[in-house]
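Spelled out, the chains give:
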Amino acid sequence: MILYTILPNEAVFPVDQSVYDQQKIIEWNGVQLLVERTSLTECRVVQVLSTDPQDYLNDATQPGQMLTLSTSPLK
Amino acid sequence: MNSEYRNENPGQDDPKKDDQSKSTLVDKIQQLGQTNVPSMDHSNIHCLTIIGQIEGHVQLPPQNKTTKYEHLIPQIVAIEQNPKIEGVLILLNTVGGDVEAGLAISEMIASLSKPSVSIVLGGGHSIGVPIAVAANYSFVAETATMTIHPVRLTGLVIGVPQTFEYLDKMQERVVSFVTRHSNITEEKFKELMFSRGNLTRDIGTNVVGDDAVSYGLIDEVGAVGPAMKKLNELIDEYKGKQEGDIVQ
């Protein structure tokens, strides 16, 4: 099927809400991180949201690293 | 005693880090292909990366790479307030996005009292143009491009003539912002914006690195090296001015 429309793709094929819930922004040692939930207590770092170049050199928050959450802010 | 312990085992004082440290080495080899990332002291220059789409009122699905203005604006406020931060480097590789969100970011950058330098890497299209020129000094990589085109709207429109006028005003705001913050003339910018034959079946111009400089849109061709040099120069100048103020 070819669909000709001026509407943006998101308007034609809305994404399920659960896709949005997968990713969350958490604060980890004062640095904001975009994380992807993998299990109830673990999440994977997707992106570091910081303006400090130093924060990007932190081993523990390299994208792809797993973080264990003592209290899960992902719920 | 405490500090010694921390120095020897960085991260050990944090229970969250504990579990990871065992597998960190393996993970790092898998992810980065190397065993350690370099470290340095706290930087006096902070870096704003504006990548992907500039997200406005509509949240895009997570597979889209977006820059959210509600994230950037508090960061810009933090940069302005933190006395340890002396300058900001803005990296752009954006396809454009929401006009009002983009203008909000541009205005915030333009009104920063601290020196700012922007670099357009890859692309600084549409609303990326005002963000690039908002900095005190702008650079464009030789291969980077900037698409200049009129403001557009997709979706359902209620009240066509009113919406048209509204968009016309919005476009005027973009044009006036760019002409105020760069050396390009309004005539030239509008000429680029409405020229035909440059983009396939569309109006506008795709401006490459050198051309952007020759039109006066961007100050210089270059990337990180020259940009850092310029930023350090601006920081010294700014500091000198501040010290002068104190003497008076």
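Shown above is the structure to which this text applies.
**Overview of the overall build of chain A**
And then number 1: Broken down by element type, chain A carries two helices and four strands.
And then number 2: Each helix and strand of chain A, ordered N terminal to C terminal, gives the series α-α-β-β-β-β.
And then number 3: In summary, chain A has a C-alpha radius of gyration of 16 Å against a globular reference of 11 Å for 75 residues, an excess of more than 25%.
And then number 4: Along the longest, intermediate and shortest principal axes, the C-alpha atoms of chain A span 45 × 30 × 15 Å.
And then number 5: Counting all 75 residues of chain A, 32% fall into the buried class.
And then number 6: Here the contacts in chain A between residues at least 6 apart in sequence split such that 31% fall between residues at least 24 apart.
And then number 7: As displayed, chain A offers around 4,500 Å² of accessible surface, 55% of which is attributable to carbon and sulfur atoms.
And then number 8: In chain A, which carries 4 positive and 9 negative side-chain charges, the distance between the mean positions of the two groups comes to 10 Å.

**A few points about a nonpolar patch on the surface**
And then number 1: A cluster of nonpolar side chains, namely Met1, Leu3 and Phe13 of chain A, defines an oily patch on the protein surface of about 410 Å² accessible area.
And then number 2: Along the chain, the position of Met1 of chain A falls in the segment before helix H1 (9-12).

**Concerning the layout of surface pockets**
And then number 1: Approximately 1,200 Å³ is the volume attributed to the largest pocket.
And then number 2: For the largest pocket, the lining is made up of 35 residues, of which Gly97, Asp98, Arg152, Leu153 and Thr154 of chain B are closest to its centre.
And then number 3: Broken down by secondary-structure element, the contributors of at least two residues to the lining of the largest pocket are H1 of chain A together with strand E1 (45-55), strand E3 (87-97), helix H4 (99-110), helix H5 (128-134), strand E6 (145-148), helix H6 (160-181) and helix H7 (186-194) of chain B.

**Concerning H4 of chain B**
Helical geometry: 3.6 residues make up each α-helical turn, so side chains three or four residues apart lie on a common side.
Residues and elements named next belong to chain B.
And then number 1: Relative to the 16 Å expected for twelve residues at 1.5 Å per residue, H4 spans 16 Å between its end C-alpha atoms, a close match to the ideal helical length.
And then number 2: All buried positions along H4 are accounted for by Val99, Ala101, Gly102, Leu103, Ile105, Ser106 and Ile109.
And then number 3: On the buried face of H4, the contacting elements are E1, helix H3 (69-81), E3, strand E4 (116-124), H5 and H6.
And then number 4: A side-chain oxygen of the first residue of H4 lies 3.0 Å from the backbone nitrogen of Glu100; this N-cap is Asp98.

**Looking at the sheet that holds strand E3 (residues 42-49) of chain A**
Residues and elements named next belong to chain A.
And then number 1: Across the sheet, four strands lie side by side as E1-E2-E3-E4; this open sheet has antiparallel pairing. The outermost strands of the open sheet, each flanked by one partner alone, are strand E1 (23-28) and strand E4 (66-68). Taken over all neighbouring pairs, the strand axes of this sheet differ in orientation by 50° on average, direction set aside.
And then number 2: Relative to strand E2 (residues 31-37), E1 is paired through six bridges, and the arrangement is antiparallel. Within E2, the position partnered with Glu27 by the bridge is Gln32.

**What about the pairing of strand E9 (residues 205-208) of chain B?**
All names here are of chain B.
And then number 1: Taking every second residue as pointing to the same face, the buried face of E9 carries Thr205 and Val207, while none of Asn206 and Val208 on the other face is buried.
And then number 2: Pairing between E6 and E9: four bridges, direction antiparallel. Bridge assignment links Ile148 to a residue of E9, and that residue is Thr205.

**Topic: the pattern of salt bridges**
And then number 1: This structure, assessed with the given rule, holds nine salt bridges over all chains.
And then number 2: For Arg44 of chain A, the salt bridge goes to Glu36 of chain A, with nearest N and O atoms at 3.4 Å.
And then number 3: By relative accessible area, Arg44 of chain A is classed as partly exposed at 33%.
And then number 4: On the basis of relative accessibility, which here comes to 26%, the residue Glu36 of chain A falls in the partly exposed class.
And then number 5: Put simply, Lys68 of chain B and Glu55 of chain B hold a salt bridge, and the shortest N to O gap is 3.3 Å. Placement of the pair is Lys68 of chain B in strand E2 (residues 66-68) and Glu55 of chain B in strand E1, with a sequence separation of 13 residues. For the pair shown, Lys68 of chain B and Glu55 of chain B are each scored as buried.

**Some details on the packing of aromatic side chains**
All names here are of chain B.
And then number 1: This model, assessed by the stated rule, comprises one aromatic pair over all chains.
And then number 2: For the pair Tyr137 and Phe139, a centre-to-centre distance of 5.3 Å together with 55° between the ring planes defines the contact as tilted.
And then number 3: For Tyr137, a relative accessible area of 17% puts it in the buried group.

Rules of the game
Residues numbered from 1 in each chain as written. Chains lettered and ligands numbered in written order. Predicted model: local features only at pLDDT ≥ 70, side-chain atom pairs only at ≥ 80, totals over all residues. Heavy atoms only, no water. Helix = DSSP H or I, 4+ residues; strand = E, 2+ residues; numbered from the N terminus. Rg over C-alpha atoms; globule rule 2.2 N^0.38 Å. Buried < 20%, exposed > 50% of the residue type's maximum accessible area, 1.4 Å probe, protein only. Contact = heavy atoms within 4.5 Å. Areas by Shrake-Rupley, 256 points an atom, 1.4 Å probe, with all protein chains shown as cover. Lys, Arg positive; Asp, Glu negative; His and termini not counted. Charge placed at Lys NZ, Arg CZ, Asp CG, Glu CD. Patch = residues over 30% accessible without salt bridge, like charges linked within 9 Å, V, L, I, M, F, W, Y side chains within 5 Å. Salt bridge = Lys/Arg side-chain N within 4 Å of Asp/Glu carboxyl O. 1 Å grid on protein atoms, 1.4 Å probe; cavity = no way out; pocket = protein on both sides within 12 Å on 5 of 7 lines; lining within 4 Å. Points joined across faces, edges and corners; volume = space filled by probe spheres on them. Expected span 1.5 Å × (residues − 1). Polar contact = N/O pair within 3.5 Å; in protein donor to acceptor, adjacent residues only side chain to side chain. Pairing = 2+ DSSP bridges. Axes fitted to C-alpha atoms, helices over the stretch in contact; angles between N-to-C directions. Phe/Tyr/Trp six-rings, centres within 6.5 Å; stacked < 30°, edge-to-face > 60°.

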